[in-house]
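This is what each chain is made of:
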Amino acid sequence: MAVKDRDRFSTATRIKLLGEQTAARVYRSQTKRQARRSRLTGRAALLALVLCTLIVALAYPMRQYVSQRAEIADLEREKQQASERVEQLRDLKARWQDDSYAEQQIRQRLHYVLPGETGYVVIDPDAAKQSRADLGATDRPWYTNVWDGVDKSDASHR
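Reading the values: the criteria
For every chain, the first residue of the written sequence is number 1, and numbering continues from 1 along that sequence. In keeping with the model being predicted, local features are shown solely for residues with a pLDDT of at least 70 and side-chain atom pairs are shown and tallied solely at 80 or more, while totals for entire chains, interfaces and linings include all residues. Hydrogens and water are ignored here; the side-chain numbers use all heavy atoms of the structure. Helix and strand definitions here come from DSSP, where helices need a minimum of 4 consecutive H or I residues and strands a minimum of 2 consecutive E residues; each element is numbered from the N-terminal end. The convention used is that axes are lines fitted to C-alpha atoms, helices contributing only their stretch in contact, and that angles between N-to-C directions extend from 0 to 180 degrees. Just so you know how the angles are binned, under 35 degrees is roughly parallel, over 145 roughly antiparallel, 65 to 115 roughly perpendicular, and the rest oblique. Contacts: residue pairs with any heavy atoms within 4.5 Å of one another. By the convention adopted, Pro, Cys, Tyr, Trp, Phe, Met, Ile, Leu, Val and Ala count as nonpolar, Lys, Arg, Asp and Glu as charged, and the other residues, Gly among them, as polar. Multiply 1.5 Å by the residue count of a helix minus one, and that product is the helix's expected span. Partly exposed describes any residue whose relative accessible area lies between the buried limit of under 20% and the exposed limit of over 50%, with all areas from a 1.4 Å probe on protein chains only and scaled to the type maximum. Note: the arc covers the axis-to-C-beta directions of the helix. Just to be clear on terms, a salt bridge is a Lys or Arg side-chain nitrogen sitting within 4 Å of an Asp or Glu carboxyl oxygen. We call Phe, Tyr and Trp rings a pair once their centres come within 6.5 Å, taking the six-membered ring for Trp, and we label the pair stacked below 30 degrees between planes, edge-to-face above 60, and tilted otherwise. At any given residue, the bend is defined as the angle formed between two axes, one fitted to the seven residues that end at that position and one fitted to the seven that begin there.

Would you take a moment to explain unusual backbone geometry for this structure?
A negative phi holds for most residues other than glycine; trans holds for most peptide bonds. Although it is not a glycine, H111 adopts a positive phi angle of roughly 60°. In this structure, H111 sits in the loop between α4 (99-110) and α5 (125-133).

Below you can see the structure in the form of C-alpha coordinates.
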(Lines give C-alpha, C1' and ligand atoms only; values in the text may rest on other atoms or scores of the structure.)
Protein backbone atom coordinates (compact mmCIF):
# COMPACT_ATOMS: atom_id res chain seq x y z
CA MET A 1 0.00 0.00 0.00
CA ALA A 2 2.76 2.28 0.70
CA VAL A 3 3.90 2.00 -2.88
CA LYS A 4 0.48 2.86 -4.13
CA ASP A 5 0.18 5.89 -1.80
CA ARG A 6 3.64 7.02 -2.68
CA ASP A 7 2.80 6.64 -6.38
CA ARG A 8 -0.28 8.75 -5.84
CA PHE A 9 1.77 11.63 -4.59
CA SER A 10 4.49 11.38 -7.16
CA THR A 11 4.96 14.23 -9.58
CA ALA A 12 4.54 12.11 -12.66
CA THR A 13 1.28 10.70 -11.39
CA ARG A 14 -0.04 14.14 -10.48
CA ILE A 15 0.95 15.56 -13.87
CA LYS A 16 -0.67 12.63 -15.60
CA LEU A 17 -3.84 13.12 -13.52
CA LEU A 18 -3.88 16.86 -14.25
CA GLY A 19 -3.46 16.17 -17.98
CA GLU A 20 -6.37 13.76 -17.98
CA GLN A 21 -8.58 16.25 -16.11
CA THR A 22 -7.60 19.06 -18.44
CA ALA A 23 -8.24 16.86 -21.48
CA ALA A 24 -11.67 15.97 -20.09
CA ARG A 25 -12.50 19.68 -19.55
CA VAL A 26 -11.37 20.61 -23.06
CA TYR A 27 -13.39 17.75 -24.55
CA ARG A 28 -16.48 18.79 -22.56
CA SER A 29 -16.15 22.43 -23.65
CA GLN A 30 -15.72 21.43 -27.32
CA THR A 31 -18.83 19.24 -27.26
CA LYS A 32 -20.80 22.04 -25.58
CA ARG A 33 -19.56 24.51 -28.18
CA GLN A 34 -20.50 22.15 -30.98
CA ALA A 35 -23.94 21.60 -29.49
CA ARG A 36 -24.46 25.35 -29.10
CA ARG A 37 -23.11 26.18 -32.55
CA SER A 38 -25.80 26.68 -35.16
CA ARG A 39 -26.12 24.18 -37.95
CA LEU A 40 -26.22 27.08 -40.40
CA THR A 41 -22.73 27.26 -41.77
CA GLY A 42 -21.34 29.98 -43.98
CA ARG A 43 -21.85 27.86 -47.09
CA ALA A 44 -25.44 27.12 -46.17
CA ALA A 45 -26.13 30.80 -45.56
CA LEU A 46 -24.60 31.68 -48.94
CA LEU A 47 -26.66 28.97 -50.63
CA ALA A 48 -29.83 30.28 -48.97
CA LEU A 49 -28.98 33.81 -50.08
CA VAL A 50 -28.40 32.69 -53.67
CA LEU A 51 -31.68 30.75 -53.73
CA CYS A 52 -33.64 33.71 -52.36
CA THR A 53 -32.03 35.98 -54.94
CA LEU A 54 -32.95 33.58 -57.74
CA ILE A 55 -36.54 33.34 -56.53
CA VAL A 56 -36.87 37.12 -56.36
CA ALA A 57 -35.18 37.54 -59.73
CA LEU A 58 -37.46 34.98 -61.41
CA ALA A 59 -40.73 36.07 -59.79
CA TYR A 60 -41.43 38.99 -62.17
CA PRO A 61 -40.60 37.13 -65.39
CA MET A 62 -42.75 34.20 -64.28
CA ARG A 63 -45.64 36.55 -63.54
CA GLN A 64 -45.22 38.11 -66.97
CA TYR A 65 -45.10 34.68 -68.59
CA VAL A 66 -48.31 33.57 -66.88
CA SER A 67 -50.14 36.79 -67.76
CA GLN A 68 -48.99 36.58 -71.39
CA ARG A 69 -50.15 32.97 -71.60
CA ALA A 70 -53.56 34.04 -70.27
CA GLU A 71 -53.68 36.86 -72.81
CA ILE A 72 -52.79 34.45 -75.62
CA ALA A 73 -55.58 32.11 -74.50
CA ASP A 74 -58.05 35.03 -74.51
CA LEU A 75 -56.96 36.09 -78.00
CA GLU A 76 -57.30 32.54 -79.30
CA ARG A 77 -60.81 32.35 -77.83
CA GLU A 78 -61.69 35.70 -79.48
CA LYS A 79 -60.26 34.44 -82.77
CA GLN A 80 -62.43 31.33 -82.54
CA GLN A 81 -65.52 33.44 -81.84
CA ALA A 82 -64.69 35.76 -84.73
CA SER A 83 -64.27 32.85 -87.12
CA GLU A 84 -67.63 31.44 -85.99
CA ARG A 85 -69.21 34.86 -86.56
CA VAL A 86 -67.66 35.05 -90.05
CA GLU A 87 -69.09 31.62 -90.80
CA GLN A 88 -72.55 32.75 -89.66
CA LEU A 89 -72.34 35.85 -91.82
CA ARG A 90 -71.29 33.78 -94.83
CA ASP A 91 -74.31 31.55 -94.29
CA LEU A 92 -76.56 34.60 -94.02
CA LYS A 93 -75.06 36.07 -97.21
CA ALA A 94 -75.64 32.81 -99.04
CA ARG A 95 -79.29 32.77 -97.86
CA TRP A 96 -79.79 36.33 -99.08
CA GLN A 97 -78.49 35.28 -102.51
CA ASP A 98 -81.53 33.02 -102.77
CA ASP A 99 -84.48 34.95 -104.29
CA SER A 100 -87.14 33.05 -102.36
CA TYR A 101 -85.48 33.86 -99.00
CA ALA A 102 -85.15 37.53 -99.94
CA GLU A 103 -88.83 37.65 -100.99
CA GLN A 104 -89.88 35.99 -97.73
CA GLN A 105 -87.90 38.49 -95.65
CA ILE A 106 -89.24 41.46 -97.61
CA ARG A 107 -92.84 40.31 -97.13
CA GLN A 108 -92.28 39.64 -93.42
CA ARG A 109 -90.26 42.72 -92.49
CA LEU A 110 -91.64 45.38 -94.83
CA HIS A 111 -95.19 44.00 -95.21
CA TYR A 112 -94.97 44.01 -99.00
CA VAL A 113 -97.56 42.20 -101.05
CA LEU A 114 -97.56 41.14 -104.65
CA PRO A 115 -99.92 42.80 -107.14
CA GLY A 116 -103.38 41.33 -106.76
CA GLU A 117 -102.87 40.27 -103.12
CA THR A 118 -104.54 41.99 -100.21
CA GLY A 119 -102.42 42.67 -97.19
CA TYR A 120 -103.81 42.58 -93.67
CA VAL A 121 -102.28 43.62 -90.38
CA VAL A 122 -104.14 42.35 -87.34
CA ILE A 123 -103.76 44.45 -84.23
CA ASP A 124 -104.83 43.22 -80.83
CA PRO A 125 -106.55 46.17 -79.10
CA ASP A 126 -105.32 45.13 -75.66
CA ALA A 127 -101.75 44.89 -76.89
CA ALA A 128 -101.99 48.30 -78.53
CA LYS A 129 -103.18 49.91 -75.28
CA GLN A 130 -100.46 48.14 -73.37
CA SER A 131 -97.76 49.23 -75.82
CA ARG A 132 -98.87 52.88 -75.58
CA ALA A 133 -98.75 52.70 -71.79
CA ASP A 134 -95.28 51.08 -71.85
CA LEU A 135 -93.77 53.75 -74.06
CA GLY A 136 -90.82 55.28 -72.27
CA ALA A 137 -89.13 58.59 -73.02
CA THR A 138 -86.83 56.93 -75.55
CA ASP A 139 -89.63 55.15 -77.39
CA ARG A 140 -91.76 58.27 -78.00
CA PRO A 141 -91.14 61.00 -80.56
CA TRP A 142 -88.92 63.84 -79.38
CA TYR A 143 -91.58 66.48 -79.55
CA THR A 144 -93.80 64.49 -77.15
CA ASN A 145 -90.95 64.51 -74.63
CA VAL A 146 -90.56 68.27 -75.05
CA TRP A 147 -94.28 68.94 -74.45
CA ASP A 148 -94.30 66.59 -71.46
CA GLY A 149 -91.40 68.54 -69.98
CA VAL A 150 -93.23 71.85 -70.53
CA ASP A 151 -96.41 70.46 -68.97
CA LYS A 152 -94.54 69.13 -65.94
CA SER A 153 -92.71 72.38 -65.37
CA ASP A 154 -95.94 74.36 -65.75
CA ALA A 155 -97.79 72.04 -63.35
CA SER A 156 -95.11 72.41 -60.67
CA HIS A 157 -95.61 76.22 -60.49
CA ARG A 158 -99.34 75.99 -59.81
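What am I meant to see in the packing of helix α3 (residues 42-97) against α4 here?
Each pair of packed helices can be summarised by the angle the axes make with each other and by the distance between the axes. Across the interface, α3 lies against α4 with an axial gap of 5 Å and an inter-helix angle of 90°. Classified by the angle their axes make, α3 and α4 are roughly perpendicular. Only D99, Y101, A102, Q105 and R109 of α4 make contact with α3, whose side of the interface consists of L92, R95, W96 and Q97. When the residues that make up the contact of α3 with α4 are grouped by side-chain class, the tally is four nonpolar, two polar and three charged.

What is the right way to read α4 from this model?
Residues separated by three or four positions in an α-helix point in the same direction, a consequence of the helix having 3.6 residues per turn. A rise of 1.5 Å per residue sets the reference length of α4, with its 12 residues, at 16 Å; its end C-alpha atoms lie 16 Å apart and thus fit the reference within 8%. For α4, the set of buried residues is Y101, A102 and Q105. Angularly, the buried residues of α4 cover 95° about the axis, an arc narrow enough to put them on a single face. Looking at the packing, one finds that the buried side of α4 touches α3. Downstream of α4 by a residue or two, H111 has a phi angle that is positive, lying close to 60°.

Please explain the pattern of salt bridges as it appears in this structure.
Once their charged atoms are close, side chains differing in charge can pair, the charge on each being opposite to the other. In the structure shown here, the tally under the stated rule is three salt bridges. Between D74 and R77 there is a salt bridge, with its nearest N and O atoms 3.0 Å apart. Linking D74 with R77, this pair stays in helix α3, spanning three residues, or about one helical turn. By relative accessible area, D74 is classed as partly exposed at 35%. For E117, the salt bridge identified is with R107, shortest N-O distance 3.1 Å. Of this pair, E117 sits in the loop between α4 and α5 while R107 sits in helix α4, and the two are 10 residues apart along the sequence. Classification of E117 by relative accessible area gives partly exposed; the value is 37%. In this structure R107 comes out as partly exposed when scored by relative accessible area, which is 29%. In the salt-bridge network here, residues are joined through shared partners; they are E103, R107 and E117.

I'm lost on the packing of aromatic side chains in this one. Help?
The description of two aromatic rings rests on the distance between their centres and on the angle between their planes. Summed over the entire model, instances satisfying the criterion amount to two aromatic pairs. Both rings, one in W96 and one in Y101, keep their centres 5.4 Å apart while their planes meet at 80°; by these two values the pair is edge-to-face. Judged by relative accessible area, which is 35%, W96 ranks as partly exposed. Residue Y101 is classed as buried on the basis of its relative accessible area of 15%. Aromatic pair W142 and Y143: ring centres 5.9 Å apart, planes at 80°, arrangement edge-to-face.

Can you walk me through α3 in this structure?
Here α3 spans 82 Å end to end across 56 residues, near enough to the 82 Å set by a 1.5 Å rise per residue. Where α3 bends most, at A59, the angle is about 35°, and the proline P61 comes one to four residues later.

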